[in-house]
Amino acid sequence: MNTIGKSERTSQNRIIKLFQTELGYEYLGDWQDQERTQPVEEQLLFKFLTQNQGYSNVLANKAIHAFTQAVNNLSEGLYEANKKVYKLLRYGVTVKEELGKPNETVWLIDWKEIENNDFAIAEEVTVQGNHDKRPDIVIYINGIAIGVIELKRSKVGVEEGIRQNLDNQKPEFIQKFYTTMQLVMAGNDTQGIRYGTIKTTEKYYLKWKEISAKEYDYVLDKHVVQLCNKERILELINDFVVFDKGTKKLARPNQYFGVKAAQENIASRTGGVIWMSQGSGKSLVMVWLAKWIRENVKDSRVLIITDREELDEQIEKLFVGVDEGIFRTKSGRELIQVLNEKKHSLIGSLVHKFGRKSEEGDFDSFIAEVKSNIATDFKAKGDVYVFVDECHRTQSGKLHDAMKMILPDSMFIGFTGTPLLKKDKQKSIEVFGPYIGTPYKFDEAVEDGVVLDLLYEARDVAQFVTDQDKIDEWFNTKTKGLTDVAKVELKRKWGTMQKVLGSKSRLAKIVNDIVHDFDTKPRLYTGEGNAMLVSGSIYQACKYYELFQSAGFKECAIITSYEPHHADIKGEETGEGSLTDRLLKYEVYTEMLNGKSAEQFEKEVKAKFINEPNRMKLLIVVDKLLTGFDAPSATYLYIDKKMQDHGLFQAICRVNRVDSEDKEYGYIIDYKDLFKSLERSIQDYTSEVFDGFDEADVQGLLKDRHEESKDRLETSLERVRAICEPVHPKDEPNFIRYFCGNPENSYDLKTNEEKRLTLYKAVVSLIRAYSNVANEMNALGYTDVQAEKIKDEVKFYSDLRDTIKRASGDHLDLKRFEPGMRQLMDRYIDASSSQKLSDFENESLTDLIVNLTSEPQAEYGSSKKQEAVAETIENNVRKVINEEAQTNPKYYEKLSQLLDEIIELRRSETLAYEAYLKEIKELAAKASRRSESNSYPKSIDTRAKQALYDNLNQEEGLANTLHLVIEDNKLDGWRDGGIKEKKLMLAVNTVIDDPDKTLELMDIIKAQNEY
């Protein structure tokens, strides 16, 4: 009997039996010949309420009446009806037995005693509607239909079942039947279950991922058992549903297991960090975990601290969406007041940005405000749990210390969308503890379809000087009268401007590039998608904006932390006849805002970018919107700014959000040769490098870090003291005399120049060493008095450096040179049109960097520096070559030699970036066998034949003969190590007539999927 592609009836019979035998559900029968109009079996619900729950008949009937009224009311549409029904299921139905009696809550589901509920299934449930439909399996709890499964035969995709569910929810069919639905599923034997809830679109149906201790013949059975066992199905409905701005959502597996792991930490009161890759629903995890704590931990309160307005607002809406209230505090003072009283159990606190100067909040001001409002007898009421968003940020350590002082007994949980890197990882682990659960990484999120993969393209806009003599002449004229130190500073500034900002010509070429992409690239020319351009500075962003406007590309805007204020233009006029940086920013912004506040303008632009991509095609940004900004429409990210680590990864994730079907990838266009940094970032976000380290090791590391930092600070301080030692008494005139001589005498200034340069360099080192530990002086072993003394001393030397610079004329006021240098750049530096250095065609970043296996990682805290980042991809390709060599030793031997040559070339720095990218791309393609070689004869047209040909001294006829012999003599299951394999080996030997060569070839033949 043929069991391949068997009918769905066979699968349905097996699943119905599984529900009964393994899951303990009652079978209500085949209801094909009965007709229903609503999803509630009133007699079954009445029986549960009176017999299992002990409610009176009157209360039970009143509760059923109130419930079915909500179930059958579709006047506001399915979403609102389902939301109201969910509220009654989740929080009970409030009714009175009779007038004058108090209100009572009737629970339609017993959430606490699982076995007290009646779990049942029915099949072929015929439901009346505008057009009748018949779902395959309906899951009932206490007579309420809460789940539905559409089954398909093995060779028919689950997508058909999903579409059937979506059809059924339309008004034309049986929409009313879905007002009570929580789990809406489709499945077959080969793909298993895909689950969603009401109105979930096809692309958001999810596959459950969980290891099972029991082996099942069919993945469908495993998924049914995992999703529909009594405890799990009640838990999903009770703890993992949210109504979010018109969309009902259920937890994805990564969210579910993240919350479950955190619940265990809460039970043992162990803090830690929850890491879920960008775009995988971290804020929902916060919501579900906070709700669970509030309902399951006695006297609990939850405080969520974020420095992103979007998240603060989003969290409030999510709580309100499931009938919970979160109180959003507006200041540090209000936070203390709220903690001091028991009125609110869910509290949000936004660390406000200070003067919009930074993408991060102004933690210092927030902490100072909180501390200044604490009374001496202050004690927060209740058991407070603190969630800190984006805990990888440097500032989170400061915040944690301050909050720990206010809430000494609280448990802290950090949330991040990126792993903890370099200095962050040590501090964050010290602050919050190790990872909670399993980090949900970028490659896994891509594989699950939660986010999109990314395609990368490097472009180069070369700049060249058109008249070096004119530039030299300008410098000689403008720098007359400057000290040598000031001249060096101006030249350094010139070099930085050339490298970082680029000429107007270069920016214009990039603008032309982007406008061309909008005319030709998928999603951009249709207006379905839009783009972001990351600029290196606010000044450069303004120049870009001007150029786009001049090019007639009006649907763009700048979003940065800058807000024009009349104070910005005070003292900026130099009389040079051109605009300084600050004047240009002020003018461009003022014109763009057109009378609106920057805040209002930003709000409107963001809304348009997300909802009307064709009317807001491009956002020019510097730091803002590169974290926490979710816009599914964003498809292209143009990068013209040096970036790395967290910043780079979070930026590229702006374009990985799932949108309509025509968005298959996010696209990264790189004008800054960032591939190697990007490669490292993606590795970090997919590797195991930071998982599972021992707490004792971490403590040792932190001790080392503190000792090292203290040593660096004290060494820097001693050095500056030694430089200033000869000055007596230590007052301003003596310091000036020592470091400058007579400031009006150019010979004295030149003679003492070396002393001054030594001082400047030493003070810069001291300031850097102090800045790194300024917030941890106590942890380094200093008392408050000692810490204050060091702070004063560092300020003294910093002020001294500034004084000496001004007294000697070494201080350079760059403002008056700025306009002239910019004109010089625009006049004498030209740029060629962009040249594509490399794109990886259909090779996505995860394919290229991750799926060719991951790089060997250095142990956490290892003092050895890893080799150049470029070696990551070389290691990946090498590993693939080694693993694949079995299939064709000769072919991979050649590849291995080629890889060695490329590595040697790169190491000797004879290979330019463009050539390196090109060659490594070609090698990766060959290693992953994705490119067909043209070097084979026409008849050698399969990989198996190519392997034979390569390993038979490239004898075409012999390879083809042997291929036919293998095809004729291989039996089913021939790789048995026994008679079947021996039979094939003898047949091969009749062609080869060399037993040793035959044995060698048999290993290669066994490695071919084709045979």
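Position numbers for residues count from 1 along each chain, tracking the sequence in the order it is written. Given that this is a predicted model, residues contribute local features only at a pLDDT of at least 70 and side-chain atom pairs are listed and counted only at 80 or more, while totals for whole chains, interfaces and linings are drawn from all residues. Only heavy atoms go into the side-chain values, all of them from the structure, while hydrogens and water stay out.

**Here's the deal with the overall build of the protein chain**
Runs of H or I in DSSP of at least four residues are treated as helices and runs of E of at least two as strands, each being numbered from the N terminus. Scanning the protein chain for helices and strands turns up 37 helices and 26 strands. Three exposure classes are used, based on accessible area relative to the maximum for each residue type with a 1.4 Å probe and protein chains only: buried under 20%, partly exposed in between, and exposed over 50%. Here the protein chain, with 1011 residues, has 53% of them falling under the buried criterion. Pairs at least 24 residues apart make up 73% of the contacts formed inside the protein chain by residues separated by at least 6 positions. All accessibility values rest on the Shrake-Rupley procedure with a 1.4 Å probe; residue burial counts only the protein chains present in the view. A total accessible area of about 45,900 Å² is found for the protein chain, and carbon and sulfur atoms account for 47% of it. Contacts are residue-level and defined by heavy atoms, with any inter-residue pair within 4.5 Å sufficient.

**Some remarks on the packing of aromatic side chains**
A pair of aromatic rings is counted whenever rings of Phe, Tyr or Trp (Trp by its six-membered ring) have centres within 6.5 Å, and the orientation is called stacked for planes under 30 degrees apart, edge-to-face for over 60 and tilted otherwise. This structure, assessed with the given rule, holds 24 aromatic pairs. Between Trp 208 and Phe 257, the aromatic rings sit 5.7 Å apart at their centres with planes inclined by 50 degrees, giving tilted as the arrangement. Residue Trp 208 is located in the loop between strand 9 (206-207) and helix 6 (219-228), and its partner Phe 257 is located in helix 8 (residues 253-268); the two are separated by 49 residues in the primary sequence. Since its relative accessible area comes to 1%, Trp 208 is described here as buried. Look at Phe 257 and you get partly exposed, because its relative accessible area is 31%. Here the aromatic cluster, defined as three or more aromatic residues joined through ring pairs, consists of Tyr 195, Trp 208, Phe 240, Tyr 256, Phe 257 and Trp 288. For a ring to carry a charge above it, either NZ of a lysine or CZ of an arginine must fall within 6 Å of the ring centroid while also lying within 35 degrees of the normal to the ring plane. The ring of Tyr 760 carries Lys 805 above its face, with NZ or CZ at 5.4 Å from the centroid.

**Section: the packing of helix 27 (residues 753-773) against helix 28 (residues 784-808)**
Between helix 27 and helix 28, the shortest axis-to-axis distance is 10 Å and the interhelical angle comes to 145 degrees. In the crossing of helix 27 with helix 28, the sense of the turn from one axis to the other is left-handed. Where helix 27 approaches helix 28, its residues Arg 756, Leu 759, Tyr 760, Val 763, Val 764, Leu 766, Ile 767 and Tyr 770 are matched on the opposing element by Ile 790, Lys 791, Val 794, Tyr 797, Ser 798, Leu 800, Arg 801, Ile 804, Lys 805 and Ser 808. Here an axis means a line fitted to C-alpha atoms, over the contact stretch when the element is a helix, while the angle between two N-to-C directions is reported on a 0 to 180 degree scale. With the far helix as reference, a near helix turned anticlockwise by less than a right angle produces a left-handed crossing, and one turned clockwise produces a right-handed crossing.

**Thoughts on the environment of Tyr 216**
Secondary-structure assignment places Tyr 216 in the loop between strand 9 and helix 6. Here Tyr 216 is in contact with Glu 22, Asp 221, Lys 222 and Val 225, once residues within four sequence places are set aside. Within 3.5 Å is the distance limit for a polar contact, defined as a pair of N or O atoms, with the added protein rule that one can donate a hydrogen and the other accept it, and that residues adjacent in sequence qualify only through two side-chain atoms. A polar atom in the side chain of Tyr 216 sits 2.4 Å from the side chain of Glu 22.

**Notes on the pairing of strand 23 (residues 634-640)**
The buried count for strand 23 comes to 7 of 7 residues, which makes it a mostly enclosed element. Criterion used throughout: strands pair if DSSP finds at least two bridges between them. As defined by bridge partners, strand 20 (residues 530-535) adjoins strand 23 across 6 bridges and the pair is classed as parallel. Bridge pairing in strand 23 places Leu 533 opposite Tyr 638. For strand 23 and strand 24 (residues 665-670), the ladder comprises 4 bridges, and the chain directions are parallel. Residue Leu 637 lies in a different strand from strand 24, and its bridge partner there is Ile 668.

**With respect to the confidence of the model for the protein chain**
Residue-level confidence of the predictor is what pLDDT reports, using numbers from 0 through 100. The share of residues in the protein chain with pLDDT of 70 or more is 74%, and the mean pLDDT across the chain is 80. Low pLDDT, under 50, characterises residues 353-359; the predicted model gives this stretch 28 contacts beyond four residues in sequence or across chains. Low pLDDT, under 50, characterises residues 852-869; the stretch is placed with 34 contacts to residues that sit more than four places away or in other chains.

**What to know about the nonpolar core**
Here the nonpolar core consists of buried residues drawn from Ala, Val, Leu, Ile, Met, Phe, Trp, Tyr and Cys, with membership extended through side-chain atoms lying within 4.5 Å. One finds Phe 548 and Leu 619 to be the most contacted residues of the largest nonpolar core, which totals 156 residues. Apart from the residues within four sequence positions on either side, Leu 619 is in contact with Ala 531, Met 532, Leu 533, Ala 557, Ile 559, Val 605, Phe 609, Leu 625 and Phe 629. Leu 713, Tyr 770, Val 773 and Leu 800 belong to the second largest nonpolar core, which has 29 residues in total.

**Considerations on unusual backbone geometry**
Looking along the chain, the bond that leaves His 728 and enters Pro 729 is cis, with omega of -25 degrees. With respect to the helices and strands, the residue Pro 729 is situated in the loop between helix 24 (695-724) and helix 25 (732-740). A positive phi angle is found at Glu 124, which is not glycine, with a value near 50 degrees. Within the secondary structure layout, Glu 124 lies in the loop between strand 4 (119-123) and strand 5 (137-141). In the Ramachandran plot, Leu 625 falls in the positive-phi region, its phi being about 70 degrees despite a non-glycine side chain.

**Digging into the packing of helix 6 against helix 7 (residues 230-239)**
Across the interface, helix 6 lies against helix 7 with an axial gap of 5 Å and an inter-helix angle of 60 degrees. When the interaxial angle is binned, helix 6 and helix 7 end up oblique. In this structure, helix 6 uses Gln 226, Leu 227 and Cys 228 to contact helix 7, whose residues at the interface are Lys 230, Arg 232, Ile 233 and Leu 236. Grouping the constituent residues of the contact of helix 6 with helix 7 by class yields 4 nonpolar, 1 polar and 2 charged. Roughly parallel means an angle under 35 degrees; roughly antiparallel means over 145; roughly perpendicular covers 65 to 115; every other angle is labelled oblique. Residues were grouped as follows: Ala, Val, Leu, Ile, Met, Phe, Trp, Tyr, Cys and Pro as nonpolar; Asp, Glu, Lys and Arg as charged; and all remaining residues, including Gly, as polar.

**As for the side chain of Lys 663**
Structurally, the position occupied by Lys 663 is in the loop between helix 22 (645-652) and strand 24. By the counting scheme adopted, Arg and Lys are positive, Glu and Asp are negative, and His together with the chain ends is not counted. We define a salt bridge as a side-chain nitrogen of Lys or Arg found within 4 Å of a carboxyl oxygen belonging to Asp or Glu. Asp 659 provides the closest opposite charge to the buried, unpaired Lys 663, separated from it by 5.7 Å. A polar contact of 2.7 Å, which involves the side chain of Lys 663, links it to the backbone oxygen of Ala 634. A polar contact of 3.5 Å, which involves the side chain of Lys 663, links it to the backbone oxygen of Val 655. Residue contacts for Lys 663: discarding those within four places in its chain leaves Leu 452, Arg 523, Pro 632, Ala 634, Thr 635, Val 655 and Arg 657.

**Considering the sheet that holds strand 6 (residues 144-151)**
On the basis of which strands lie adjacent, the open sheet formed by 7 strands has the order 1-4-5-6-7-8-9 and mixed pairing. For this open sheet the edge positions go to strand 1 (26-30) and strand 9, each flanked by a neighbour on one side alone.

**Points about helix 27**
For helix 27, spanning 21 residues, the distance from its first C-alpha to its last is 31 Å, which sits close to the expected 30 Å at 1.5 Å a residue. Where helix 27 is concerned, the buried positions are Glu 753, Arg 756, Leu 759, Tyr 760, Ala 762, Val 763, Leu 766, Ala 769, Tyr 770 and Val 773. By this rule the span expected of a helix is its residue count minus one, scaled by 1.5 Å.

**Quick notes on the environment of Tyr 770**
Mapped onto the fold, Tyr 770 is located in helix 27. Look at Tyr 770 and you get buried, because its relative accessible area is 13%. Separated by 60 residues in sequence, Tyr 770 and Lys 710 place their C-alpha atoms 9.0 Å apart. Not counting the four nearest positions on each side in its chain, Tyr 770 is found in contact with Leu 713, Met 777, Ile 790, Lys 791 and Val 794.

**What to know about the pattern of salt bridges**
Counted by the stated rule, this structure contains 43 salt bridges. Here Asp 389 ties to Lys 282 by a salt bridge, and the two come within 3.0 Å at their closest N and O atoms. Of this pair, Asp 389 sits in strand 16 (residues 383-389) while Lys 282 sits in helix 9 (residues 282-296), placing them 107 residues apart in sequence. Judged on exposure class, the residue Asp 389 and its partner Lys 282 are both buried. A salt bridge links Asp 630 to Arg 654; the shortest N-O distance between them is 3.8 Å. Highlighted residues: Asp 630 in the loop between strand 22 (618-621) and strand 23 and Arg 654 in the loop between helix 22 and strand 24, separated in sequence by 24 residues. A residue is classified by how much of its surface remains accessible, and Asp 630, at 42% relative accessible area, is partly exposed.

**Let's talk about the sheet that holds strand 17 (residues 411-416)**
Strand pairing in a sheet relies on backbone hydrogen bonds. The paired strands run either parallel or antiparallel. Read from one edge to the other, the open sheet built from 6 strands follows the order 12-17-16-13-15-14, with strand pairing classed as parallel. Because the sheet does not close on itself, it has two edges, and the strands there are strand 12 (272-275) and strand 14 (327-329). With direction set aside, neighbouring strand axes in the sheet form an average angle of 25 degrees. Looking at chain direction, strand 13 (residues 300-306) and strand 16 are connected through 6 bridges and run parallel. Looking at the pairing, Arg 301 lines up with Val 384 of strand 16. On top of the sheet, helix 9 reaches strand 12, strand 13, strand 15 (346-350), strand 16 and strand 17; it is set at about 180 degrees to strand 16, its chief contact. Here helix 11 (residues 332-340) sits on the sheet and contacts strand 13, strand 14, strand 15 and strand 16; the angle it forms with strand 14, its principal contact strand, is near 140 degrees.

**Points about helix 19 (residues 538-550)**
Between its terminal C-alpha atoms helix 19 stretches 18 Å, which fits the 18 Å expected from 13 residues at 1.5 Å a residue. Counting buried positions along helix 19 yields 11 of 13 residues, so the element is predominantly enclosed. Of all the residues in helix 19, the buried ones are Ile 538, Tyr 539, Gln 540, Ala 541, Cys 542, Lys 543, Tyr 544, Tyr 545, Leu 547, Phe 548 and Gln 549. Where helix 19 terminates, the next one or two residues include Gly 552, which has phi positive at roughly 80 degrees.

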